[in-house]
Every structure is written in C-alpha cells, then in structure tokens.
Amino acid sequence: MAKSQQTFNKTEKVKKRLKKREDKQKKKDARKQASKEKGSTGIPLAYVDYNGNLVDSPPDPSMKVEIEVEDIILGIPKKEEGDEEEFDPVRNGKVSFFDSSKGFGFIIDSENNEKYFVHVSGLIDEIFENDKVSFELEKGMKGMNAVRVKRL
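Residues numbered from 1 in each chain as written. Predicted model: local features only at pLDDT ≥ 70, side-chain atom pairs only at ≥ 80, totals over all residues. Heavy atoms only, no water.

**Observations concerning a nonpolar patch on the surface**
Phase 1: A contiguous nonpolar patch, built from Val-65, Ile-67, Ile-72 and Leu-74 and spanning about 490 Å² of accessible area, is present on the exposed surface.
Phase 2: The residue Ile-72 is located in the loop between strand 2 (54-55) and strand 3 (91-99) in this model. (Patch = residues over 30% accessible without salt bridge, like charges linked within 9 Å, V, L, I, M, F, W, Y side chains within 5 Å. Areas by Shrake-Rupley, 256 points an atom, 1.4 Å probe, with all protein chains shown as cover. Salt bridge = Lys/Arg side-chain N within 4 Å of Asp/Glu carboxyl O. Helix = DSSP H or I, 4+ residues; strand = E, 2+ residues; numbered from the N terminus.)

Dropping the structure here:
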C-alpha cells in the first residue's frame, strides 16, 4: 500500500488556514453589523481655529477675517535702508595656540570667546602664542576658519 501524499502536518496547516479565513469573515460581518446599528457618521473632519489649533467643530463665521491678496508676502521681505546693520568682517582676538612646525593653531575671538582654527596659508604676518591679532572668518570644511590674520 502506498502512503498518502498528505501528511498530518499539512492537514493541520490547511485547517489552521481555513479557521483564520472564517475568523476574518466573522470579524468583517460584525463590523458591518455594528456600523448599520450605529449609523455611519462618515469621515470625521478636523477644523483649524483662529489660533491654528485643530478642533472638531467648525470655526465661527463671525470671527472670519478678510485678507487682501496684495498683503500676502511670499519669501523674504525686502530690506529697507534703515534696517541694515553694519557688519565689520575684521575681528580681533588672541592666539591661544600655534605650532609653526605643523603650520596650524587656534585664535580666541575677543568678542565672543569662540575658538577658530587658523592655518599657515591664512597668515599675512608671522604669529606666535599670546599675540594680539586681527582676522576675518571664512567657512571651512569643519567650521569657521580664521583667514587674513595680521599681528596688531
């Protein structure tokens, strides 16, 4: 006699699959029945009140504000002559560390006590530790670098 092609394990898997399918159909029918009994309210809506918060009730029409199209500004507002601040690119500081053999060091800004990297290629005058210097800042690979460094 030949053995059946379907093993015990296969029949269990088939039974499990059929049971899942029946359970899913029962849940679907229960949801349909519940929505019929309660009555469908549709998709719930969210409104934005005059403070910008999400609420579930529509806004009060008496609080509506009319806005002219010309009043809407897209982008950055134009600068006027009085708004502009004078920016001096030249800063003063003190050399906290400088290694002339390796060709780099650090300068501490006297205004905000920030440390800036300085390389020998950005020097105008030769500098040493504790020298007072003036410099300009330039964006480098790892942050701001001091360039055009002069001894005071």
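**Re a positive patch on the surface**
Phase 1: Together, Lys-24, Lys-27, Lys-28, Arg-31, Lys-32 and Lys-36 make up a region of like positive charge exposed at the surface.
Phase 2: Structurally, Lys-32 can be placed in helix 1 (residues 8-38). (Lys, Arg positive; Asp, Glu negative; His and termini not counted. Charge placed at Lys NZ, Arg CZ, Asp CG, Glu CD.)

**Comments concerning the pattern of salt bridges**
Side-chain pairing between opposite charges can occur once the charged atoms of the two side chains come close.
Phase 1: Tallying each qualifying case throughout the model produces four salt bridges.
Phase 2: Note that Glu-111 and Arg-91 form a salt bridge whose closest N and O atoms lie 3.9 Å from each other. On the criterion of sequence distance, the pair formed by Glu-111 in the loop between strand 4 (104-109) and strand 5 (115-119) and Arg-91 in strand 3 is long-range, its members being 20 residues apart.
Phase 3: Judged by its relative accessible area of 13%, Arg-91 falls in the buried class.
Phase 4: Arg-148 serves as the salt-bridge partner of Glu-136, at 3.0 Å between the closest nitrogen and oxygen. In this pair, Glu-136 is assigned in strand 6 (residues 132-139) and Arg-148 in strand 7 (residues 144-151), connecting sequence segments 12 residues apart.
Phase 5: Residues participating in the shared-partner salt-bridge network are Arg-91, Asp-109 and Glu-111. (Buried < 20%, exposed > 50% of the residue type's maximum accessible area, 1.4 Å probe, protein only.)

**Side note on the sheet that holds strand 5**
Phase 1: With mixed pairing, the five strands of this closed barrel are ordered in space as 3-4-5-7-6. Across this sheet, the average inter-strand angle for adjacent strands is 50°, counted without regard to direction. (Pairing = 2+ DSSP bridges. Axes fitted to C-alpha atoms, helices over the stretch in contact; angles between N-to-C directions.)

**Quick notes on a negative patch on the surface**
Phase 1: On the surface, Glu-66, Glu-68, Glu-70 and Asp-71 cluster together to form a negatively charged patch.
Phase 2: Looking at the secondary structure, you find Glu-70 in the loop between strand 2 and strand 3.
Phase 3: When its relative accessible area of 66% is taken as the criterion, Glu-70 is described as exposed.

**Some thoughts on the pairing of strand 5**
Phase 1: Only one face of strand 5 is buried, namely the one carrying Tyr-116 and Val-118, since none of Lys-115, Phe-117 and His-119 on the opposite face is buried.
Phase 2: Pairing of strand 5 with strand 7, which is carried by two bridges, proceeds in the parallel orientation. Looking at strand 7, one finds that Val-118 is bridged to Ala-146.

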